[in-house]
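For reference, the chains in residue letters:
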Amino acid sequence: MKAQLKVSDNVLHDPSSNLEALYFCAQTIRTKVQRDYEDLPPNAPLSLRNSLMTLLIKFRQGPPTVRTQLCLGMVALAVHMPPEEWGTGGVVQWLGKELGSHADAIPCLLELVTVLPQEAQSYKISVRPERRRQFQRELVGSVQDAFSLLTSCLREESLREQVLRAFAAWMRLSYGMSAATLATHPLVAASLAGLDSEQTFDAAVDAATELIRFTVSGNPVDLASHMSLVQVIVPRIMALKPRFAAAVKAAVAEKRAQQEIGETNGYDGEDEDEDTMKGMAYLFAEMGESYVDLIASGSNEALMIVEAIAEVTSHPDDNISAITFNFWHRLSQTLTSSDEQEELEEEAAVAAEREKRIAIFKPTFELLVSLVSFRVTYPAGFEAWRKDELADFKQTRYAVADMLLDAAAVLGGDATLRLLSQPLLQMAANVDNGGSWEWRSVEASLYCIRAIAKAVPLSENLILPQVLGILSKLPPQPQLLYTSSLTVASLADWLGVAPSARPLLPLLLGLLTNALSVPEDPCAAAALALKHVCDACSKELGQSVEALLELYRQVMSGQGNFHLASEDELQLVEGLSIVVSALPADKLPHAMEALCIPVMVPLEELVAAAQQSGSSQTFTANQYIAHIDRIGNIFRYVTQPDILAGVFQRMWPLLKLVFVQRAADGKSMERLCRACKYAVRNCGRALGAVMGLLLEELQERFQQQQHSCLLYLASEVIKVYGSDPGCASYLGTLITVLFGQTIRLLQSIQDFTSKPDVADDCFLLASRCIRYCPHLLVPSPTMAPLFSCAMTGITIQHREACRSILTFFQDFLDLPTSHSGKQFRAAVDAVALPAGPTLTRLVIGCLVGALPESRMDEVIQVLLSMTRLYGQLVAQWAQEVIALIPASVVKDAERVSFLQAISMAVNGTDSPTLTRSIEEMSDVCRRNRKVREAVQNALQPATLAACQVSS
């Protein structure tokens with residue numbers, strides 16, 4: 001490191017160096033200081049600091065990119081170096097003294113002062129957690145010094161933007177200051193005055209935003225104590241309202257003009273003006289979100305803020321309007337939500353006050369509905385949009401849908417429905433009088449109605465019958481047909497309970513049947529809608545089951561002019577399976593046959609063709625998968641176990657042939673196992689003798705082709721049959737064969753990494769055995785090799801596989817401490833005690849770097865399971881492990897803290913302390929790559945491989 005710093009330092013001091021070399025060397029110094037500071041010799045930091053200061057003075061006027069890298073390097077040095085090295089005044093005063101004497105170095109000083117608080121919590125700087133917290137405390141103690149320095153720079157108009165950006169950064173560390181002091185502070189006055197200057201506007205927005213956040217800081221928030229500052233901030237921001245209103249008026253006029261001349265790109269004002277409007281919009285929205293509880297009181301002052309935010313929502317630019325959406329969401333929640341305890345204890349006066357507040361805001365939310373609903377309308381010329389433009393429009397529609405739900409929470413679903421349906425019903429009346437449909441407006445109305453469908457009371461019987469009655473009269477435009485179908489899907493629950501819905505069902509089924517013949521989006525939406533209608537109206541549709549099954553037969557056999565993709569056909573299979581399940585017993589056998597034949601016959605023909613050709617490879621996996629998935633959906637959604645078991649028994653010879661033909665194809669096997677899984681899950685023990693045939697096939701296939709899906713299917717069998725004493729013999733054989741073969745596959749971490757799906761499903765199966773049939777696995781000879789195999793793979797980076805292994809350890813170690821698992825204590829001890837020191841070493845290694853931090857909670861649970869089972873032994877093992885970590889990495893105090901937390905966990909107290917100590921140790925051991933590698937090399941056992949299963 002020292003050599004690299006010396007070379008970089010020489011290049012930076014060389015007057016002949018070009019910009020690329022200067023930037024590269026400045027970046028090298030910054031990176032080395034951030035990541036490898038600990039490699040410096042004892043006296044090097046002071047020398048490096050002096051060199052950096054010399055370079056900052058040299059490059060005080062640029063190039064800016066080089067200066068920024070040097071500033072970041074100096075700040076990283078400040079984070080690392082102890083406070084006494086900066087003198088009694090701290091780093092801020094030291095920097096001020098060094099650079100303050102150079103008048104033209106003030107911009108450089110301001111950049112440094114800005115970066116200091118920004119980097120205070122940076123994890124790019126590889127510093128110990130305690131030092132990072134200490135540095136933050138040092139900066140908090142230097143806030144007044146920073147404010148004094150910044151205030152002294154306000155005299156220079158050219159520096160104001162930098163001063164305000166630095167002030168915003170320091171405000172994040174100023175939460176201990178008095179609001180009264182800030183209310184009269186020159187920097188606050190300069191920030192709010194900066195909103196009137198084009199030059200400082202953006203920086204002033206950042207500063208004002210931090211000031212607003214300061215007023216709602218604290219836990220709990222005490223707005224009253226910050227009111228003196230609030231009274232300074234709010235009027236100043238509200239003073240922007242006329243300026244913003246004028247901008248909205250101009251934007252609306254511009255958009256109208258564009259529409260008149262046929263342009264379709266929407267509002268596109270000057271960039272600078274648009275950025276300024278966004279800045280004002282952010283301020284209004286930030287003010288609203290921060291003071292939402294105060295605003296919800298409904299005072300006149302609060303309503304003025306709401307009016308300003310509504311002005312932002314009315315802006316024709318969707319991106320600007322959307323800035324306010326989160327405020328409306330929070331206001332809606334604040335007005336309507338209350339926890340269960342409040343509801344129990346709520347007095348009539350409190351309830352009346354809530355209703356009073358809601359009544360105050362109802363006109364605002366009614367206005368809000370009109371301000372956002374028009375934004376979902378397809379504009380003229382949308383057909384020529386690029387993909388990204390279409391994606392942006394869809395995102396806008398999603399955001400509007402969420403907003404309408406927020407409005408419905410305040411207004412009530414029925415009232416919101418009335419507002420949204422007015423344009424549609426008015427257009428329908430005009431059509432009845434000879435007018436024509438304007439499909440874009442109709443589609444927009446339906447989209448909005450669909451968005452709030454879940455908020456509409458199921459008892460509503462005035463508007464929805466009219467809306468749904470209109471659908472069959474609409475022109476067959478693809479987008480309109482798509483949204484009409486999805487509207488039916490969203491209202492399926494209403495169709496299932498409303499008496500007035502029954503006359504509509506034939507019309508709606510006709511609409512959806514017609515939509516199935518329109519390619520792409522409309523037919524997909526119609527299939528989805530049919531599924532939801534079948535689910536919600538399964539009993540009512542019993543009378544129409546013959547027509548539905550005929551439609552189903554035509555779709556599955558490829559007859560008619562239908563255009564469903566395979567995944568859309570599955571929606572239809574699901575819907576019909578639900579309807580058939582709801583039929584009376586006397587109609588069920590015939591309907592089940594009609595349901596199954598259209599999906600069995602094509603698969604039988606495919607299997608026969610493969611047999612005749614002599615090779616199933618003549619056909620693609622997708623040809624098999626399409627048929628298997630349909631059968632799988634029948635097994636999944638038919639809810640008549642006895643009938644379904646009979647169907648599976650009749651299908652088994654066919655399914656066995658597919659097992660044989662597609663044995664080498666992972667995709668086909670995965671779908672076939674999924675179908676069998678649903679059969680096992682829904683038939684349960686009704687499967688009877690055919691279950692033995694299935695398990696024989698499963699074992700044979702896994703010995704030949706080690707597909708992970710076979711393990712997953714076995715885990716489903718264990719869930720259903722594991723506790724059945726009559727199944728113990730063949731289940732014991734099953735798990736012995738499967739685990740034996742898997743352990744032979746997973747002999748090293750490289751094997752785990754190359755076969756993560758096998759590892760995942762193997763240890764999922766093991767966990768289910770421990771939960772449902774521990775007597776078959778835990779005392780068996782298979783257990784010890786399986787435990788060893790899990791230790792081999794515990795550091796796998798694959799998320800799901802790692803989670804399954806960790807869950808397996810937790811389930812196994814928790815078994816003897818559970819009420820029903822005490823009998824297995826000796827068997828667990830025989831496996832876990834000899835492996836305890838190694839497992840502890842691996843678990844702690846995972847916590848301090850071998851696994852990502854996102855998996856830390858799961859690893860901690862394994863450690864806690866160990867402490868519950870083996871108590872002080874775990875503390876002893878942990879002490880031996882921690883001693884292996886080099887002294888250059890972990891200090892004695894950090895070791896002691898960690899081991900004390902382990903001891904507390906052993907005693908059964910304060911697991912949060914253990915979590916905090918582990919997180920602290922993890923940060924210490926992960927602080928840079930060199931440290932992490934040193935720790936892992938120290939903790940990784942010299943030899944770790946899975947044991948063989950004795951045959």
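The name an unreviewed UniProt entry gives the protein is Exportin-1/Importin-beta-like domain-containing protein, with Marchantia polymorpha subsp. ruderalis as the organism. Its UniProt record, at the heading Sequence similarities (unreviewed entry), says of the protein: "Belongs to the importin beta family."

Q: Looking at this structure, I do not really get the overall build of the protein. What am I missing?
A: Helix and strand counts for the protein come out as 49 helices and zero strands. Seen through its principal axes, the protein has C-alpha atoms that stretch 95 × 85 × 65 Å. Pairs at least 24 apart in sequence give 75% of the contacts found in the protein among residues at least 6 apart. Each charge sign in the protein was given a centre, from 80 positive and 106 negative side chains, and these centres are 5 Å apart.

Q: What am I meant to see in the domain arrangement of the protein here?
A: Buried accessible area, meaning the area lost when the parts come together, often serves as the stated size of an interface. The domains assigned to the protein are domain 1 (1–176), domain 2 (374–582), domain 3 (585–688) and domain 4 (834–950). For domain 2 and domain 3, the distance between their C-alpha centroids amounts to 32 Å. Buried surface at the junction of domain 2 and domain 3, summed over both partners, amounts to about 1,400 Å²; 64% is from carbon and sulfur atoms. Of all residues in domain 2, Leu570, Val580 and Ser581 give up the largest surface area on contact with domain 3, accounting jointly for 34% of the area buried on that side.

Q: Help me out: how do you make sense of the state of the cysteines in this one?
A: Joining two cysteines, a disulfide is a covalent bond between their sulfur atoms. What the rule picks out here adds up to zero disulfides. Between Cys108, a cysteine without a disulfide, and Cys71, which holds the nearest cysteine sulfur, the sulfur-to-sulfur distance is 4.4 Å. Free of any disulfide, Cys596 has its nearest neighbouring cysteine sulfur in Cys683, separated by 11 Å.

Q: When you look at the packing of helix α12 (residues 201–215) against helix α13 (residues 227–238) in this model, what are you seeing that I'm missing?
A: In a pair of packed helices, the angle between the axes and the distance between the axes together describe the arrangement. Orientation of α12 relative to α13, taken along the N-to-C sense of each, is 140 degrees, at an axis distance of 10 Å. In terms of orientation, α12 and α13 fall into the oblique class. The handedness of the crossing between α12 and α13 comes out as left-handed. Contacts between α12 and α13 involve Leu211, Ile212, Phe214 and Thr215 on the former and, on the latter, Leu229, Val230, Ile233 and Ile237. For the contact of α12 with α13, a count of residues per class yields seven nonpolar, one polar and no charged.

Q: Even after reading the chapter, I still don't get the packing of aromatic side chains, so can you show me in this structure?
A: One pair of aromatic rings is described through two measures. These are the centre distance and the angle between the planes. Per the counting criterion, the structure on display carries 23 aromatic pairs. Each ring, one from Phe808 and one from Phe812, has its centre 6.2 Å from the other, and the planes form 20 degrees; the classification is stacked. Here the residue Phe808 and the residue Phe812 both occupy positions in helix α43 (residues 799–814), the gap between them amounting to four residues, near one helical turn. Of the two residues examined, Phe808 and Phe812, each falls in the buried class. Every member of this aromatic cluster is reached through a ring pair, and the members are Phe752, Phe763, Phe787, Phe808, Phe809 and Phe812. The ring of Trp86 carries the charged tip of Arg49 above its face, separated from the ring centre by 4.9 Å. Above the face of the Tyr447 ring, Arg397 is positioned so that its terminal group lies 4.0 Å from the ring centre.

Q: Explain the nonpolar core here, please?
A: Ranked by size, the top nonpolar core spans 339 residues in total, and within it Trp170, Phe284 and Phe635 carry the most contacts. Considering every element that reaches this core, the biggest residue donor is helix α44 (residues 825–850), with twelve residues. Setting aside residues up to four positions removed in sequence, Phe635 forms contacts with Leu644, Val647, Phe648, Met651, Leu655, Ala675, Tyr678, Ala679 and Asn682.

Q: I keep staring at the UniProt feature "domain: Exportin-1/Importin-beta-like" (unreviewed entry) in the protein and nothing clicks. Help me out?
A: Here the UniProt feature "domain: Exportin-1/Importin-beta-like" (unreviewed entry) sits at residues 63–206. Along residues 63–206, the helical share is 67% and the strand share 0%, with 25 Å between the first and last C-alpha atoms.

Q: What exactly am I supposed to notice about the environment of Glu716 here?
A: Inspection of the secondary structure puts Glu716 in helix α37 (residues 708–721). Accessibility expressed as a relative area gives 1% for Glu716, which makes it buried. Sequence separation of Glu716 and Ala679 is 37 residues, and the distance between their C-alpha atoms is 10 Å. Among residues more than four places away in sequence, those in contact with Glu716 are Lys677, Val680, Arg681 and Arg768. Side chain to side chain, Glu716 and Arg681 meet in a polar contact 2.9 Å long.

Q: Would you mind showing me how to read the pattern of salt bridges here?
A: Two side chains with opposite charge may pair up if their charged atoms get near one another. Scanning the entire structure with this criterion turns up 46 salt bridges. Here Arg160 and Glu157 are joined by a salt bridge, their closest N and O atoms 3.8 Å apart. By relative accessible area, Arg160 is classed as partly exposed at 23%. The class for Glu157 is partly exposed, based on a relative accessible area of 48%. In this structure, Arg671 and Asp629 form a salt bridge, with 2.5 Å as the shortest nitrogen-oxygen distance. You can see Arg671 sitting in helix α35 (residues 666–683) and its partner Asp629 sitting in helix α33 (residues 621–637), a full 42 residues away along the chain. Residue classification places Arg671 among the partly exposed residues on the basis of a relative accessible area of 24%. Note on Asp629: relative accessible area 15%, which makes it buried. Where salt bridges share partners, they join Glu130, Arg133, Arg137 and Glu920 into one cluster.

Q: Would you take a moment to explain helix α49 (residues 929–939) for this structure?
A: It helps to recall that an α-helix has 3.6 residues per turn; residues three or four apart then point in one direction. Every buried residue of α49 is accounted for by Val931, Val935, Gln936, Ala938 and Leu939. Down the axis of α49, the smallest arc covering the buried residues is 160 degrees, so these residues share one side. Seen from the buried face of α49, the exposed residues on the opposite side, beyond 90 degrees, are Arg929, Lys930 and Asn937. Taking the backbone nitrogen of Lys930 as reference, a side-chain oxygen 3.2 Å away marks Asn928 as the first, capping residue of α49.

Q: Which parts of the structure should I look at to understand the confidence of the model for the protein?
A: With 96% of its residues at a pLDDT of 70 or more, the protein has an overall mean of 89. Scored below 50 in pLDDT, residues 945–951 shows 21 contacts in the model against residues more than four places distant or in partner chains.

Q: Mind showing me how you'd approach unusual backbone geometry here?
A: Residues other than glycine predominantly adopt negative phi, and peptide bonds predominantly adopt the trans conformation. Positive phi values are uncommon outside glycine, yet Glu520 reaches one of about 65 degrees. Relative to the helices and strands, Glu520 is located in the loop between α28 (505–515) and α29 (521–536). Among the residues examined, Glu520 registers a relative accessible area of 65% and is labelled exposed.

Q: I would appreciate a short explanation of the packing of helix α6 (residues 106–118) against helix α8 (residues 143–153) in the present structure.
A: Relative to each other, α6 and α8 sit at 145 degrees, their axes nearing to 11 Å. Relative to α8, α6 is oriented so that their crossing is left-handed. Only Leu149, Leu150 and Cys153 of α8 make contact with α6, whose side of the interface consists of Ile106, Leu109, Leu110 and Val113. Tallied by class, the residues present in the contact of α6 with α8 amount to seven nonpolar, no polar and no charged.

Rules used in this analysis
- Residues numbered from 1 in each chain as written.
- Predicted model: local features only at pLDDT ≥ 70, side-chain atom pairs only at ≥ 80, totals over all residues.
- Heavy atoms only, no water.
- UniProt positions renumbered as here; feature names shortened; annotations may be inferred.
- Helix = DSSP H or I, 4+ residues; strand = E, 2+ residues; numbered from the N terminus.
- Contact = heavy atoms within 4.5 Å.
- Lys, Arg positive; Asp, Glu negative; His and termini not counted.
- Charge placed at Lys NZ, Arg CZ, Asp CG, Glu CD.
- Domains from an automatic or database assignment.
- Buried area = accessible area lost by both parts, 1.4 Å probe.
- Disulfide = S-S within 2.5 Å.
- Axes fitted to C-alpha atoms, helices over the stretch in contact; angles between N-to-C directions.
- Parallel < 35°, antiparallel > 145°, perpendicular 65-115°, else oblique.
- Left-handed = near helix turned anticlockwise from the far one by under 90°.
- Nonpolar A, V, L, I, M, F, W, Y, C, P; charged D, E, K, R; others polar.
- Phe/Tyr/Trp six-rings, centres within 6.5 Å; stacked < 30°, edge-to-face > 60°.
- Buried < 20%, exposed > 50% of the residue type's maximum accessible area, 1.4 Å probe, protein only.
- Lys NZ or Arg CZ within 6 Å of the ring centre and 35° of its normal.
- Core = buried A, V, L, I, M, F, W, Y, C linked by side-chain atoms within 4.5 Å.
- Polar contact = N/O pair within 3.5 Å; in protein donor to acceptor, adjacent residues only side chain to side chain.
- Salt bridge = Lys/Arg side-chain N within 4 Å of Asp/Glu carboxyl O.
- Arc of directions from axis to C-beta.
- pLDDT = per-residue confidence, 0-100.

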